[in-house]
Amino acid sequence: MADLTRGRVSWYNPSKGYGAITPDDGNDVIVQAPAVIAAGLHTLAAGQVVEYEAGESGVVVNLRVLN
């Protein structure tokens, strides 16, 4: 895994399969269901602290929940 960025889940809609993460030092990034599932999760909750890697398109490709 490359360098991870830390942030908080802004929102996540499991029925639509996407949401947003606000990094500690930047603009929101999109998180989609495949990254959530690959992390072994079913959903994310607003306010969860996460670390992630954003792909070239700015969409989260690797995700880890810290709390």
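Residues numbered from 1 in each chain as written. Predicted model: local features only at pLDDT ≥ 70, side-chain atom pairs only at ≥ 80, totals over all residues. Heavy atoms only, no water.

A. A look at the overall build of the protein chain. Across its full length, the protein chain holds one helix and five strands. The secondary structure elements of the protein chain, listed N-terminal to C-terminal, are β-β-β-α-β-β. For 67 residues, the compact-globule formula gives about 11 Å, and the C-alpha radius of gyration of the protein chain, at 10 Å, lands near that figure. Looking at the protein chain residue by residue over its 67 residues, the buried ones come to 31%. (Helix = DSSP H or I, 4+ residues; strand = E, 2+ residues; numbered from the N terminus. Rg over C-alpha atoms; globule rule 2.2 N^0.38 Å. Buried < 20%, exposed > 50% of the residue type's maximum accessible area, 1.4 Å probe, protein only.)

B. View of the packing of aromatic side chains. A complete count under the given rule lists one aromatic pair for this structure. On the basis of an interplanar angle of 75° and a centroid distance of 5.5 Å, the ring pair of Trp11 and Tyr18 is categorised as edge-to-face. (Phe/Tyr/Trp six-rings, centres within 6.5 Å; stacked < 30°, edge-to-face > 60°.)

C. Local environment of the sheet that holds strand 5 (residues 60-65). In spatial order, the strands read 3-2-1-4-5; together these five strands make up an open sheet with antiparallel pairing. The sheet is open, and its two edges are formed by strand 3 (29-32) and strand 5, each paired on a single side. Here the average twist between neighbouring strands, direction ignored, is 45°. With four bridges joining them, strand 2 (residues 18-23) and strand 3 adopt antiparallel strand pairing. Looking at the pairing, Ile21 lines up with Val29 of strand 3. (Pairing = 2+ DSSP bridges. Axes fitted to C-alpha atoms, helices over the stretch in contact; angles between N-to-C directions.)

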